[in-house]
Amino acid sequence: MNLDQHFDVIVIGGGHAGTEAALAAARIGSKTLLLTHNIETLGQMSCNPAIGGIGKGHLVKEIDALGGAMALATDRAGIQFRILNASKGPAVRATRAQADRALYRAAIRQVIENQPNLQVFQQACDDLIVEGDQVKGVVTQMGLRLSATTVVLTTGTFLAGQIHIGLQNYSGGRAGDPPAIALAHRLRELPLRIDRLKTGTPPRIDARSVDFSVMQAQPGDTPTPVFSFMGSRDLHPQQIPCYITHTNSETHDIIRAGLDRSPMFTGVIEGVGPRYCPSIEDKVTRFADKNAHQIFVEPEGLTTHELYPNGISTSLPFDVQVNLVRSMKGFEQAHITRPGYAIEYDFFDPRDLKASLESKIINGLFFAGQINGTTGYEEAGAQGLIAGLNAARQAADLEPWSPTRDQAYLGVLIDDLATLGTKEPYRMFTSRAEYRLLLREDNADIRLTEKGRELGLVDDARWQRFSDKMEAVEQEKQRLKDNWVHPSHATAEQLNPLLKTPLSREHSLETLLRRPEMNYQDLMSIDGIGPGLDDSEAAEQVEVQIKYAGYIERQLDEIAKQKRHENTLLPTELDFAQVPGLSNEVVAKLNDAKPQSVGQASRISGITPAAISVLLVHLKKMG
Ligand code: FAD
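The structure presented is a predicted model; accordingly, all values stated were derived computationally and were not measured. In this numbering scheme, every chain counts its residues from 1 along its sequence in written order. Only residues with pLDDT of 70 or above have their local features reported here, since the model is predicted, and side-chain atom pairs are shown and tallied only from 80 upward, although totals for entire chains, interfaces and linings are computed over all residues.

1. With respect to the overall build of the protein
Part 1 of the reasoning: By the criteria applied, helices consist of DSSP H or I runs no shorter than four residues and strands consist of E runs no shorter than two, each listed in order from the N terminus. What the protein contains, in helices and strands, is 20 helices and 22 strands.
Part 2 of the reasoning: It is over C-alpha atoms that the radius of gyration is taken, and the globule rule equals 2.2 Å times the number of residues to the power 0.38. Relative to a compact globule of 623 residues, whose C-alpha radius of gyration would be 25 Å, the protein shows 26 Å and is just as compact.
Part 3 of the reasoning: With the C-alpha coordinates of the protein rotated into their principal frame, the extents come out at 80 × 75 × 55 Å.
Part 4 of the reasoning: As a rule, residues whose C-beta atom has 12 or fewer other C-beta atoms within 10 Å are exposed, those with 20 or more are buried, and those in between are partly exposed; C-beta atoms are placed from the backbone. Residues classed as buried in the protein amount to 47% of the 623 residues present.
Part 5 of the reasoning: In this description, any two residues whose backbone-derived C-beta atoms lie within 7 Å of each other are considered to be in contact. Across the protein, contacts joining residues at least 24 apart in sequence account for 72% of those joining residues at least 6 apart.

2. Examining the site of the ligand
Part 1 of the reasoning: Every one of the 39 residues lining the ligand counts as a neighbour, but Gly13, Gly15, Gly156, Gly369 and Ala380 are closest to it.
Part 2 of the reasoning: Breaking the shell around the ligand down by element, the ones donating at least two residues are helix H1 (16-27), strand E2 (32-36), strand E12 (194-201) and helix H9 (377-395).
Part 3 of the reasoning: For this scheme, ten residues count as nonpolar: Ala, Val, Leu, Ile, Met, Phe, Trp, Tyr, Cys and Pro. Four count as charged, namely Asp, Glu, Lys and Arg, and the remainder, Gly too, count as polar. Across the shell around the ligand, the residue classes tally to 13 nonpolar, 24 polar and two charged. Whether a residue is near a molecule or strand depends on its C-beta atom, generated from backbone atoms, being within 6 Å of that molecule or strand.

3. Concerning the environment of Gly376
Part 1 of the reasoning: The topology assignment puts Gly376 in the loop between strand E20 (365-367) and H9.
Part 2 of the reasoning: Gly376 gets classed as buried once you count the C-beta atoms within 10 Å, which come to 26.
Part 3 of the reasoning: Expressed as a C-alpha distance, the spacing of Gly376 and Asn48, which sit 328 residues apart in the sequence, is 9.5 Å.
Part 4 of the reasoning: Ignoring sequence-local partners within four residues, the contact set of Gly376 consists of Lys56 and Arg427.

4. Considerations on the nonpolar core
Part 1 of the reasoning: Here, a nonpolar core means buried Ala, Val, Leu, Ile, Met, Phe, Trp, Tyr and Cys residues linked by C-beta atoms lying within 7 Å of one another. The biggest cluster of nonpolar side chains holds 109 residues, and the ones touching the most others in it are Val9, Ile10, Val11, Ala21, Ala25, Val151 and Val152.
Part 2 of the reasoning: The element best represented in this core is H9, accounting for 10 residues.
Part 3 of the reasoning: Ignoring sequence-local partners within four residues, the contact set of Ile10 consists of Leu33, Leu35, Gly137, Val138, Leu146, Ala148 and Val151.
Part 4 of the reasoning: Counting 20 residues, the second largest nonpolar core, distinct from the first, contains Tyr243, Ile280, Leu316 and Met328.

5. Examining the sheet that holds strand E5 (residues 94-99)
Part 1 of the reasoning: By this definition, two strands are paired if DSSP reports at least two bridges between them. Read across the sheet, three strands follow the order E3-E5-E4 without closing on themselves; strand pairing throughout is antiparallel. Looking at which strands have only one partner, the edges of the open sheet turn out to be strand E3 (50-52) and strand E4 (78-84). Within the sheet, the average angular offset between the axes of one strand and its neighbour, ignoring direction, is 15°.
Part 2 of the reasoning: Alignment of E4 against E5, held across six bridges, turns out to be antiparallel. Of the residues in E5, the one forming a bridge with Ile83 is Thr95. Orientation is described by axes fitted as lines to C-alpha atoms, over the contacting stretch for helices, and by angles from 0 to 180 degrees between their N-to-C directions.

6. Examining the UniProt feature "binding site: FAD" (unreviewed entry) in the protein
Part 1 of the reasoning: UniProt positions are given in the numbering used here, feature names are shortened, and annotations may be inferred rather than shown by experiment. Mapped onto the present numbering, the UniProt feature "binding site: FAD" (unreviewed entry) falls on Gly13, Gly14, Gly15, His16, Ala17 and Gly18.
Part 2 of the reasoning: Tracing the backbone shows Gly13 in the loop between strand E1 (6-12) and H1.
Part 3 of the reasoning: Excluding residues that lie within four positions of it along the chain, Gly13 makes contacts with Gly18, Thr36, Thr154, Thr155 and Gly156.
Part 4 of the reasoning: Along the chain, His16 turns up in helix H1.
Part 5 of the reasoning: Those residues in contact with His16 that lie beyond four places of it in its chain are Gly43, Gly369, Tyr377, Ala380, Gly381 and Gly384.

7. A short note on the packing of H1 against helix H4 (residues 101-113)
Part 1 of the reasoning: Orientation of H1 relative to H4, taken along the N-to-C sense of each, is 25°, at an axis distance of 10 Å. One element, H1, and the other, H4, form an angle in the roughly parallel class. The element H1 and its partner H4 pack so that their crossing is left-handed. Contacts between H1 and H4 involve Thr19, Ala22 and Leu23 from the first element and Ile108, Val111 and Ile112 from the second.
Part 2 of the reasoning: Tallied by class, the residues present in the contact of H1 with H4 amount to five nonpolar, one polar and no charged. When describing relative orientation, an angle under 35 degrees is termed roughly parallel and one over 145 degrees roughly antiparallel, while 65 to 115 degrees is termed roughly perpendicular and anything else oblique. Note: crossing handedness is left-handed where the near helix turns anticlockwise from the far helix by less than a right angle, and right-handed where it turns clockwise.

8. Let's talk about the sheet that holds strand E13 (residues 204-206)
Part 1 of the reasoning: Pairing is antiparallel in the open sheet, where six strands are placed in the order E14-E15-E16-E17-E13-E18. Only two strands of the sheet have a single neighbouring strand rather than two, namely strand E14 (216-218) and strand E18 (336-338). Each neighbouring strand pair of the sheet contributes to a mean axis angle of 35°, computed without reference to strand direction.
Part 2 of the reasoning: Where strand E16 (residues 294-299) meets strand E17 (residues 306-310), four bridges bridge the pair, whose relative direction is antiparallel.

9. Quick word on unusual backbone geometry
Part 1 of the reasoning: Following Thr222, the chain continues to Pro223 via a peptide bond in cis, the omega torsion being -5°.
Part 2 of the reasoning: Along the chain, Pro223 turns up in the loop between E14 and strand E15 (242-246).
Part 3 of the reasoning: Cis peptide bonds are those with omega within 30 degrees of zero, and the linkage from Gly530 to Pro531 qualifies with 10°.
Part 4 of the reasoning: Relative to the helices and strands, Pro531 is located in the loop between helix H15 (520-524) and helix H16 (536-547).
Part 5 of the reasoning: The backbone of Asn85 sits at a positive phi, close to 60°, despite the residue not being glycine.
Part 6 of the reasoning: Inspection of the secondary structure puts Asn85 in the loop between E4 and E5.

10. Here's the deal with the environment of Leu259
Part 1 of the reasoning: Tracing the backbone through its elements, the reader meets Leu259 in the loop between helix H6 (249-258) and helix H7 (280-286).
Part 2 of the reasoning: A count of 15 C-beta atoms within 10 Å places Leu259 in the partly exposed class.
Part 3 of the reasoning: Through-space distance from the C-alpha of Leu259 to that of Gly166 is 9.2 Å; in sequence the pair is 93 residues apart.
Part 4 of the reasoning: Sequence-distant contacts of Leu259, that is, excluding residues within four places in its chain, are made with Phe265 and Glu281.

11. Describing the environment of Ala334
Part 1 of the reasoning: With respect to the secondary-structure elements, Ala334 resides in the loop between helix H8 (318-326) and E18.
Part 2 of the reasoning: With 320 residues separating them along the chain, Ala334 and Gly14 place their C-alpha atoms 33 Å apart.
Part 3 of the reasoning: Setting aside its immediate chain neighbours within four residues, Ala334 contacts Ile205, Ser209, Val210, Val325 and Arg326.

12. Notes on helix H17 (residues 549-566)
Part 1 of the reasoning: Look at H17: 25 Å from first C-alpha to last across 18 residues, which is about the 26 Å you get at 1.5 Å a residue.
Part 2 of the reasoning: Two axes enter the definition of the bend at a residue: one is fitted to the seven residues ending there, the other to the seven starting there, and the bend is the angle between them. At Ala560, H17 shows its maximal kink, close to 25°. What a helix is expected to span follows from its residue count: subtract one and scale by 1.5 Å.

13. As for the packing of helix H2 (residues 56-65) against H9
Part 1 of the reasoning: Where H2 meets H9, the closest approach of the two axes is 9 Å, and the angle between their N-to-C directions is 30°. Taken together, the axis directions place H2 and H9 in an arrangement best described as roughly parallel. Relative to H9, the crossing made by H2 is left-handed. Residues Lys56, Leu59, Val60, Glu62 and Ile63 of H2 pack against Glu378, Glu379, Gly381, Ala382 and Leu385 of H9.
Part 2 of the reasoning: Residue classes in the contact of H2 with H9 are distributed as five nonpolar, one polar and four charged.

14. Side note on H6
Part 1 of the reasoning: The set of residues buried in H6 consists of Thr251, His252, Ile254, Ile255 and Gly258. Projected down its long axis, H6 shows its buried positions confined to an angular sector of 160°, all on one face. With respect to the buried face of H6, the exposed residues turned more than 90 degrees away are Ser249 and Ala257.
Part 2 of the reasoning: Contacts made by the buried residues of H6 are with H7 and H8. When we speak of the arc, we mean the arc of directions from the helix axis to the C-beta atoms.

In structure tokens, the structure reads:
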């Protein structure tokens, strides 16, 4: 590396946020450097080797729609794929894949190493170069000073990371990795709001010591789902099943007896843990009346015997871990290969960030991933892509871009963080989005790929495939609108057995598909109507758009009304204390959150519609 060169963007950290950030910045043409502790751990999954799930799968599809790496890497590494909520409505259906940890790392590394404009350098970053309120570059562990127009921080759980197993604790970024102590000290000197959170992971188990014959096997779905718009089943490695076992009353007794040596229950750990991914000791205490919890026994990969027992994340002492694991069916002889542990780490209050993920306090410094109080690879990757994009846009003197809440879960995630902040590790759920019906996995490409192309994130191959799909969908929708079935026609005879009430008058194919009992595949099975589209994604799109047209229309109306607030910006110099008619409590909340728009202000808890009216009147007066 040439030491005198100036970078447009330096990304610190090669985890899920950092890799998407570096790739996005480089894709749009910025000269980018990815600085990370260890090149071997690029794209490393610190906890469960799985990608997607409800809400999270939506984020992965959106990252993909903007040209990101996560979905395609999962297609190359996934060893068991499922569609969750398959029997429910399209809004909450979600793809999830168990991944081979090593294959996932390799897939991410391959993309990184082949990305033009991107250099990787293995070095810890110990310091930031900040002049006034402007970031100017970074200083590495060996004292190299690297200059950059913008810097993206994606250091995950590593900032002042403290690992706990029972009452013993030591510094670490995650088990086996160093913490980032020097950088944590430096960041604490900057005027940023900072706090502590914690997360945990289960002990890993050697599959050769497990009796699978007494467990329930859980194979993946057939046909095997595909994650990326550019993916295919041909990319998937061998598919293998997961298994299910349960905790029992003996397990729970062992856990309760160990609580006096639990760092969580004895107050040694102060950081708040993830509510929706609690440790087993937390579950046993909080749900004391439940005498069993389901444990998914997930393979870590095709070339390792290690298993990930999903559901028994713990920081209990190691002897308690051994006993609790061995009390479960199939695990009686289990050999633990790595102990479970909890980790506490620094995170920064995301309310100090703009929607672009740039700091409101230090210009040119962007934050993404676990450092912003989120948990999960998908949440990290999503933020990384937006932070990297905007860091690169700023370096090129371009306006920032962030999706809105009605455009993407990415928008919901960033708006929730920047507006409301978080007191516990934040993870995505479909329930966090008010426009769920519009933000489906199946239309992530339709929502975002065109914008991604305009931003320079989407390459020619994806754009061509997307354009072909859109053309096929539009043509097919038109065909279904234009073609009618008369009750006396031979087609009606084949159709009637599929309908609740036989045809009594002429119907278009579009109105027939709208009937609840009808689906696209059945309609196309009828001579003279089918065969229809052979691209299953395009066919799904036609079906969803026609069936849910009414609901979609209603959500679009609501969004149009809400848009006015979203587009009304609050001047940065506005002193809320000077706005007549706002209560002291409202002023304090607005000053705390520093919303950028009236829409953001309206979502802060305790900001009433009356306060919003007062703000709007004041803005009007200001002209
Ligand atoms: P990371 O993936 O942690 O990546 C950070 C990267 O930055 C690393 O490569 C690191 O080496 C590098 N780095 C850090 N400091 C520096 C520096 N100063 N200089 C250079 N490089 C640096 N998520 C869930 O959804 N469910 C769970 O149950 C869960 N449990 C977890 C348990 C544990 C023990 C841990 C550690 C994480 C857990 N997670 C869980 C969280 C998940 O791993 C993270 O949310 C995700 O990895 C965050 O991605 P990231 O890119 O922000 O950070």
